[in-house]
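# Coordinate inspection notes
So the chains spell out like this:
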Amino acid sequence: MSISRTAKWSLRLVALAYLLLLLLLPLGVVFAKTFEHGFGVAWSWVTTPAAISALWLSIVLALIAVPLNTIFGVVCAIVLVRRRGRLAALLDGIIDLPFLVSPVIIGLALTLVYGIHGWFGTWFLNHGIRIIFAVPGMALATVFVSLPYVVREVGPVLRELGDEQEQAAATLGASGWQTFWRITLPSIRWGVAYGVILSTARALGEIGAVLVVSSLVAGQTLTLPLLVYERSSQVGAAAGTSSYAAATELAVISLVVLLVMTVFTPGRGRRR
Amino acid sequence: MYLAVIVLIPLVAVVVNAVNQSPSDFWQSISNKVALDSLVVTLVASVLTAGIGAVMGTLLAWVLVRDEFPGKRIINAVIDLPFALPTIVVGMTLLALYGPSSPFGLHLAYTRVIVLIALLFVTLPFVVRAVQPVLMELDPEVEEAAASLGAGNATIFRRIILPALRPAILSGSALAFARSIGEIGSLVLIVGKVQIASLVIFTDIESSSSQAASSLSLVLIVLSLIVLVTMRRLGGRVVH
């Protein structure tokens, strides 16, 4: 289909203008507002004890959720692709649930099971373990929302790969583990890497589910996104530098993640 | 087992909690004015998001695949921005641009329009990333053949390109719809008094009325399931 120069330019213009107005302009305004009183003021807001502890909690939650979901994701993708049957189909449907269900509903669900009057919550409380309104519940919520990414990134790669190489390795006498480490894992590494980056971004940025199960106590159960929320709702409509600074910090972290995603996953465009 | 503990048992608890009340209580918690209003706003905004997203997403994918211009790789990376950016940051950016202290005098915060803008922002990549690979693999020879047989651009687009892209567009906008139905992070700071379903659920949880929250949750879950299943029927598998 050959289109005229004018049509081409207007399509390009509409596309770029849409991106600029919807994504880039708002982001620019946040950066501008962060630094309107100078860099020092913004810096002092992200180095308060509450902000530093929020950053740490966010990192800790990501460090719990991402490795767990990576191991689970790789195993699960192998099962889904290599085994056919009803169980695999059911599993396939369940994996998508964290994408389909609202984060708030995820938070509610965890409260119903692990909360004070929850199914297992009473037992845990009797043994002195507090889950909801504490860090364990937030960890559960983070694991929940970031669960599907690795499975969904590794699955298509495995399917495209086929299993001839694995069978060849097996006929040459390789054990299951050897095949996995020397054949399967190296071929799916870009899928795994991309899944890990996506889960990390989600784990660091999650707010809906974590908001429900956090007690919102600064220094204890505030993650970086919750800190933005807290600061912004405190000052109300005239959200000040404090919340913009925290938002910029979070944005910079995620922009780095995005950069890593673009630079280190060259295989992506080809595969998709 | 892992899946059961993390995902299934909690979700079953929501359903059980919603069903485990008298039908009239259930009906009351989803048909009171606040809940009903929030459902309507959420549904309308989600349908609009899916629709506008389908058109603009296809257009963006077209420009990214068929057009060549300097800086295209950067634009391609920018598409992923909404996936990488934490939703609360999206909320802050919209508050900065459209809030009371807007530098351009755009006071859209706390209106229904801002809900739509936020949803378009967070769901932007879905359609683009679904359509892009299909468009890449589309054989231009078919289009050339059509052109040589005298078909105009509009005909080629309608008869050749659109049918090939339809499954991808549908599954992309179905995902966008499902995401919109449950979105909270980007909206929590900017909706003000506009009621959206996920925030009503949150308020219900905060006021310890977990049965009301569960009832509304069940409605949302069923809604997104219906849309996804229909889209799957219409357009093949949902790609992520």
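Quick notes on the rules
Residues numbered from 1 in each chain as written. Chains lettered and ligands numbered in written order. Predicted model: local features only at pLDDT ≥ 70, side-chain atom pairs only at ≥ 80, totals over all residues. Helix = DSSP H or I, 4+ residues; strand = E, 2+ residues; numbered from the N terminus. Buried ≥ 20, exposed ≤ 12 C-beta atoms within 10 Å, placed from the backbone. Contact = placed C-beta atoms within 7 Å. Nonpolar A, V, L, I, M, F, W, Y, C, P; charged D, E, K, R; others polar. Expected span 1.5 Å × (residues − 1). pLDDT = per-residue confidence, 0-100. Axes fitted to C-alpha atoms, helices over the stretch in contact; angles between N-to-C directions. Parallel < 35°, antiparallel > 145°, perpendicular 65-115°, else oblique. Left-handed = near helix turned anticlockwise from the far one by under 90°.

On to the overall build of chain B. Across its full length, chain B holds eleven helices and zero strands. Counting helices and strands in the order they occur from the N terminus, chain B gives α-α-α-α-α-α-α-α-α-α-α. Taken over the C-alpha atoms alone, chain B extends approximately 65 × 45 × 35 Å along its principal axes. Counting across all 240 residues of chain B, residues that qualify as buried make up 48%.

Let's shift gears to the overall build of chain A. A count of helical and extended segments in chain A gives 15 helices and zero strands. Over its C-alpha atoms, taken along the principal directions, chain A stretches across nearly 70 × 65 × 30 Å. Taking all 272 residues of chain A together, 44% fall into the buried category. Considering only residue pairs separated by 6 or more positions, chain A has 74% of its internal contacts joining residues 24 or more positions apart.

Contacts between the two partners involve 68 residues from chain B and, on the opposite side, 64 residues from chain A. Looking at the side of chain B that touches chain A residue by residue, the classes come out as 51 nonpolar, 14 polar and three charged.

Counted at 1.5 Å a residue, the expected span for helix α7 (residues 112–137) of chain B with its 26 residues is 38 Å, and the 39 Å between its end C-alpha atoms agrees. With respect to burial, α7(B) is a largely interior element, 19 of its 26 residues being buried.

So, about the confidence of the model for chain A. Per-residue confidence for chain A gives a mean pLDDT of 81; residues scoring 70 or more make up 94%. Ignoring residues within four places in sequence, the model shows residues 268–272 of chain A, a span with pLDDT below 50, making three contacts including any to other chains.

Residue and element names in this part refer to chain A. Packing of helix α3 (residues 49–82) against helix α8 (residues 135–145) leaves a shortest axis separation of 9 Å and a crossing angle of 45 degrees. Considering their axes alone, α3 and α8 lie oblique with respect to each other. For the element pair α3 and α8, the recorded crossing hand is right-handed. Along its contact with α3, which presents Leu61, Ile64, Ala65, Leu68 and Asn69, the element α8 presents Met138, Ala139, Thr142 and Val143. When grouped by side-chain class, the residues that make up the contact of α3 with α8 number seven nonpolar, two polar and no charged.

The N-to-C vectors of helix α6 (residues 103–114) of chain A and helix α1 (residues 2–19) of chain B enclose an angle of 85 degrees; their axes lie 8 Å apart at closest approach. Judged by the inter-axis angle, α6(A) sits roughly perpendicular to α1(B). For the pair formed by α6(A) and α1(B), the contact residues are A:Ile105, A:Leu108, A:Ala109, A:Leu110, A:Leu112 and A:Val113 on the first element and B:Ile9, B:Pro10, B:Leu11, B:Ala13, B:Val14 and B:Asn17 on the second.

Attention now goes to the environment of A:Asp92. Residues and elements named next belong to chain A. Note that Asp92 resides in helix α4 (residues 86–95). For Asp92, a count of 14 C-beta atoms within 10 Å puts it in the partly exposed group. The spatial distance from the C-alpha of Asp92 to the C-alpha of Pro49 is 43 Å, given a sequence separation of 43 residues.

Position of B:Val113 relative to the elements: it lies in helix α7. Distance in space between the C-alpha atoms of B:Val113 and B:Val19 is 34 Å, their sequence separation being 94 residues.

Our focus in this paragraph is the confidence of the model for chain B. In the predicted model, chain B carries a mean pLDDT of 84, and 96% of its residues have values of at least 70. ipTM for the predicted complex: 0.83, alongside a pTM of 0.85.

Attention now moves to the environment of B:Gly152. Mapped onto the secondary structure, B:Gly152 falls in the loop between α8 (140–148) and α9 (153–182). Considering only alpha carbons, one finds B:Gly152 and B:Val44, 108 residues apart in sequence, at a separation of 36 Å.

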